[in-house]
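Structural overview
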Amino acid sequence: MAEPDKKFEGEQVEVTADTPLIESVSEDVSAEVGDFIQQAAQQNEAAADALPDVKNKPGPYISFEHVYKSFGEFVVLEDVSFFVYPGETLCILGRSGVGKSVSLQMLLGFLKPDKGMIKVAGENICGFKERELQEIRRKVTMVFQNGALFDSITVGENVAFPMRERGEMAEDQILQVVKGLLEMVGVAGMESLLPSDLSTGMKRSIAIARALASQPEAVLYDEPTTMVDPLMAHLLGDLIERLKQQLHLTSIVVTHDMRLAKKLADRVVFLSAGKAIFFGTMGEMEQSQDPILQEFLALDELVTPV
Ligand SMILES: Nc1ncnc2c1ncn2[C@@H]1O[C@H](COP(=O)(O)OP(=O)(O)OP(=O)(O)O)[C@@H](O)[C@H]1O
Ligand SMILES: [Mg+2]
């Protein structure tokens, strides 16, 4: 006897970091969503190929080069440098108030550095005008802690928003992709709910679906696993990993969650008192004798025993 189709029995397909995204999507929309995913992956590979080479190798997708930022007398960043290669994940670590969110805002041009250079998609964005910045914000989207969904419209309309705004797809295609994206991020069937009906974890998942709807080249996640239960945190971590692997997305993840950083990071940058005191792989960070890093790692073991 043929195996019953799990998707039609309402049963959850077990998801791991390797599960193809399309496996979470029901059959009636899988052709449309499959095309959408493939288009995004191809676009991101092409974007990586288009970056200027550095020493005969593709250069970073995003880089901070000797960046300084103060608010009045208050110094937030002082000579901070780091980068992320296309298709890789960088985790930004550090205690509260060190400038992690400020760094993300500078990347999108909402704040300007006082000195130094910020490059996105191979271009120095520091002198960019609003119109050029809008183009950068189309390529690089941000998933905010609270989701930053539009409160007065439904979940479905939130996710459809970037596709409707672009105006390249027919309405029935949009509805199919919305359905599939919600299934992919683990919140199937919530199209008609309002953001106020949702938990923090659900809002964040829907914010990821909305980010994907704009087919970005890079996604910035600000604290994706805070204020959600450990299972949801695990699922969100797996989702970020699958998006990186299967859509070739470049990702920056701001987090205090060392487990998440260990799972996702190709590289980490650790900010402390205005400086990037460490930039390298997680393995290198674990080997570091720097007392501040040691303290952060030890504290994490106390909070989240493995
Ligand atoms: N627009 C602003 N004007 C003035 N000060 C600001 C502004 N934005 C941020 N700051 C200050 O810059 C510092 C860094 O803020 P930021 O939000 O980047 O911290 P963070 O590392 O993201 O912390 P957390 O982990 O708590 O989110 C803080 O002291 C904050 O008060
Ligand atoms: Mg922050």
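Reading guide: rules and limits
Residues numbered from 1 in each chain as written. Chains lettered and ligands numbered in written order. Predicted model: local features only at pLDDT ≥ 70, side-chain atom pairs only at ≥ 80, totals over all residues. Helix = DSSP H or I, 4+ residues; strand = E, 2+ residues; numbered from the N terminus. Rg over C-alpha atoms; globule rule 2.2 N^0.38 Å. Buried ≥ 20, exposed ≤ 12 C-beta atoms within 10 Å, placed from the backbone. Contact = placed C-beta atoms within 7 Å. Pairing = 2+ DSSP bridges. Axes fitted to C-alpha atoms, helices over the stretch in contact; angles between N-to-C directions. Parallel < 35°, antiparallel > 145°, perpendicular 65-115°, else oblique. Left-handed = near helix turned anticlockwise from the far one by under 90°. Nonpolar A, V, L, I, M, F, W, Y, C, P; charged D, E, K, R; others polar. Expected span 1.5 Å × (residues − 1). Near = placed C-beta within 6 Å. Core = buried A, V, L, I, M, F, W, Y, C linked by C-beta atoms within 7 Å. UniProt positions renumbered as here; feature names shortened; annotations may be inferred.

Okay, the overall build of the protein chain next. Scanning the protein chain from N- to C-terminus turns up 10 helices and 12 strands. Relative to the globule expectation of 19 Å for 306 residues, the C-alpha radius of gyration of the protein chain, 20 Å, shows essentially globular dimensions. For the C-alpha atoms alone, the extent of the protein chain along its principal axes is close to 65 × 45 × 45 Å. The buried share among the 306 residues of the protein chain stands at 40%. In the protein chain, the share of contacts with a sequence separation of at least 24, taken over all contacts with a separation of at least 6, comes to 66%.

A few words now on the pairing of strand β5 (residues 89-93). Each regular strand displays side chains that alternate between the two surfaces of the sheet. Of all 5 residues making up β5, 5 are buried, and the element is well covered by its neighbours. Going residue by residue along β5, you find Thr89, Cys91 and Leu93 tucked away on one face and Leu90 and Ile92 tucked away on the opposite face as well. The pairing of β5 with strand β11 (residues 267-272) spans 4 bridges and is classified as parallel. Paired with Leu90 across the two strands is Arg267, which belongs to β11.

Let us now look at the sheet that holds strand β6 (residues 115-120). Pairing is antiparallel in the open sheet, where 4 strands are placed in the order β4-β3-β6-β7. One side of each edge strand has no neighbouring strand; the edge strands of this open sheet are β4 (74-84) and β7 (123-124). The pairing of β6 with β7 spans 2 bridges and is antiparallel. Each bridged residue has a counterpart across the sheet, and for Val120 the counterpart in β7 is Glu123.

Taken N-terminus to C-terminus, the directions of helix α4 (residues 155-166) and helix α6 (residues 200-213) make an angle of 25 degrees; their axes are 7 Å apart at the nearest point. Classified by the interaxial angle, the pair formed by α4 and α6 is roughly parallel. Where α4 crosses over α6, the handedness of that crossing is right-handed. Taking contact as the criterion, the partners of Val155, Asn158, Val159, Phe161, Pro162 and Met163 in α4 are, on α6, Ile206, Ala209, Arg210 and Ala213. Its residues assigned to classes, the contact of α4 with α6 shows 8 nonpolar, 1 polar and 1 charged.

Time to look at the sheet that holds strand β9 (residues 218-222). Reading across the sheet, the 6 strands line up as β8-β9-β10-β5-β11-β12 and stay open at both edges, with mixed pairing between neighbours. On the outer flanks of this sheet lie β8 (140-143) and β12 (275-280), each paired with one strand and no other. Strand after strand, the sheet turns through a mean of 15 degrees between neighbouring axes, direction not considered. The pairing of β5 with strand β10 (residues 250-254) spans 4 bridges and is parallel. Across the sheet, Cys91 pairs through a bridge with Val253, a residue of β10.

Helix length check: α6 (14 residues) gives 20 Å between terminal C-alpha atoms against 20 Å at 1.5 Å per residue, within 8%. Summarising burial for α6: 13 of the 14 residues are buried, a large majority. Positive phi appears at Gln215, one or two residues downstream of α6, with a value of about 45 degrees.

On to the site of ligand 1. In the vicinity of ligand 1, the residues found are Phe71, Val76, Gly94, Ser96, Gly97, Val98, Gly99, Lys100, Ser101 and Val102. When residues in the shell around ligand 1 are grouped by element, the largest group, 3 residues, is from helix α2 (residues 100-107). Here the shell around ligand 1 is built from residues that sort into 4 nonpolar, 5 polar and 1 charged.

Assignment of secondary structure puts Ala40 in helix α1 (residues 27-49). Spatially, the C-alpha atoms of Ala40 and Val143 are 18 Å apart, while their sequence positions differ by 103 residues. Those residues in contact with Ala40, other than ones at most four positions away along the chain, are Gln215 and Leu247.

A few words on the nonpolar core. Ranked by internal contacts, the top residues of the largest apolar core, which has 78 residues, are Cys91, Val159, Leu181, Ala209, Leu220 and Val269. When residues in this core are grouped by element, the largest group, 8 residues, is from α6. Residue contacts for Leu220: discarding those within four places in its chain leaves Leu104, Leu107, Val140, Met142, Val143 and Ile252.

Once that is clear, we can look at the UniProt feature "domain: ABC transporter" (unreviewed entry) in the protein chain. The UniProt record annotates "domain: ABC transporter" (unreviewed entry) at residues 62-298. With 41% helix and 25% strand, residues 62-298 has end C-alpha atoms that lie 30 Å from one another.

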